[in-house]
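# Residue-level structural notes
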Amino acid sequence: DFYRKVLALNLRGALVQTPIEQWVEAVPLASSEYGHAIGSWAAANIVGQPQVYPAYGDNGKAWAPQAIVGKHFVELKFATACIPTTLHVYETSAPGGLVEIKGKIADGWVTLWTGEPVMQRGASRILVADLRAGPTPLVTSTLRLEVDTSAWSGEWYEIDAVKLVGTVSDSSAIDPPSVPPQGTLARDLLDLLASNTGDIELQTADGASGRVHRCIVERRCPELLRVAGMHAKDVLQVVLEYVYARHIFVPIAICPSVYALAQSLHLDELATAAADRFAAGLSTDNVIAALKTVAGLPVLHAKCCAFLAKYCLTHPDYQPLLDGLDKSDLITLVQQLVGRVTSP
């Protein structure tokens, strides 16, 4: 437990999460708005606490898209980046249009919640969306609400305010170790932690920086340097955040390295998350290169072949995509295709 606290402090609080509630600070972008001035159905009306709720009906102090019928979106910026848990959406006219909530990350958007559009009339409501059902926890300060009012009539869909509930890292909540365990090894470790010699400097997902000593990493994760290769620093960040905080976020570029290291350390949950993230990022532009990169990782290799098999069954012009395949990969692909065609 002593060493766990030391490393948690070194990562600036990745271990302890403190609840936070916050209202929208800014609206960077919206697909449309009925009016552009504050108080005239502008998207900026969503900033801050409710002005309309619990009243119901068309009100210029809420946001309304330009048209009653259609698909719309609005992006919301919050002051503090956090791990989202729930989102409270104050719908004050024709509720029911929210169909998706996304969180912004470095390489795009991640879906955190989905729903079906069902128009309701007569009363405002607070839609509480559980954002913990997403693929992996993530740290973000920007959310995107997708709205579908294709079946609406007679009344505009309007949002008054949005409250985000989440957690943030709190290093002050970790009690520093006061009495170290006895023994020369413990004293040497404390001396080492007091210096910067041999450190690997990391940046956590919420932007905080921290240092981890290379000797500790090499001792506890002997496979790291061999498996992680040129991405050792980024892979280490992902693994440590999982081990010490159960926080999983795997950037697409290092999925194979994270998967390989997680497998070697028997971190099954992290390995599964990395494999799923890898599969989600496959496209016709990268699948052949990815197939060659993961030749020694059967699970990821199978996901590449499954992607190719699905593509071949749905696109008649698939031949150019297969020109770069090795004979063994072609055989695997044929087996996948046969299985898909003959399965009920």
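Residues numbered from 1 in each chain as written. Predicted model: local features only at pLDDT ≥ 70, side-chain atom pairs only at ≥ 80, totals over all residues. Heavy atoms only, no water.

## Comments concerning the overall build of the protein
Along the protein, the regular secondary structure elements total 11 helices and 10 strands. Counting only residues that meet the buried cut, the protein has 45% of its 344 residues in that class. For the protein, restricting intrachain contacts to residue pairs at least 6 apart in sequence, the fraction spanning at least 24 positions comes to 71%. Counting only carbon and sulfur atoms, one obtains 54% of the accessible surface of the protein, whose full area is about 17100 Å². (Helix = DSSP H or I, 4+ residues; strand = E, 2+ residues; numbered from the N terminus. Buried < 20%, exposed > 50% of the residue type's maximum accessible area, 1.4 Å probe, protein only. Contact = heavy atoms within 4.5 Å. Areas by Shrake-Rupley, 256 points an atom, 1.4 Å probe, with all protein chains shown as cover.)

## With respect to the environment of Val47
One can find Val47 in the loop between strand S2 (26-30) and strand S3 (71-93). Counting along the chain gives 22 residues from Val47 to Glu25, while the straight-line C-alpha distance between them is 5.6 Å. Ignoring any residue separated from it by four or fewer positions in sequence, one finds Val47 in contact with Val24, Glu25, Ala26 and Val27.

## Some details on the pairing of strand S4 (residues 98-105)
Taken across its 8 residues, S4 has 7 buried, putting it largely inside the fold. Of the strand pairs in this sheet, S4 and strand S7 (residues 140-148) are connected by 5 bridges, and their pairing is antiparallel. Directly across from Leu98, in S7, lies its bridge partner Val147. Two strands pair when backbone bridges link them, and S4 and strand S5 (residues 108-114) are joined in this way by 6 bridges, in the antiparallel orientation. Bridge pairing links Glu100 to Thr114 in S5. The hairpin turn running from S4 into S5, its antiparallel successor, is 2 residues long. (Pairing = 2+ DSSP bridges.)

## So, the pattern of salt bridges
Here the structure, examined in full by the defined rule, presents 8 salt bridges. Ionic pairing is found between Lys102 and Glu146, a salt bridge with its closest N-O pair at 3.6 Å. Of this pair, Lys102 sits in strand S4 while Glu146 is found in strand S7, placing the two residues 44 residues apart along the sequence. Across this residue pair, the class does not change: Lys102 and Glu146 are buried. Across the pair Arg132 and Asp130 runs a salt bridge whose closest N-O atoms are separated by 3.1 Å. Among the residues examined, Arg132 registers a relative accessible area of 59% and is labelled exposed. (Salt bridge = Lys/Arg side-chain N within 4 Å of Asp/Glu carboxyl O.)

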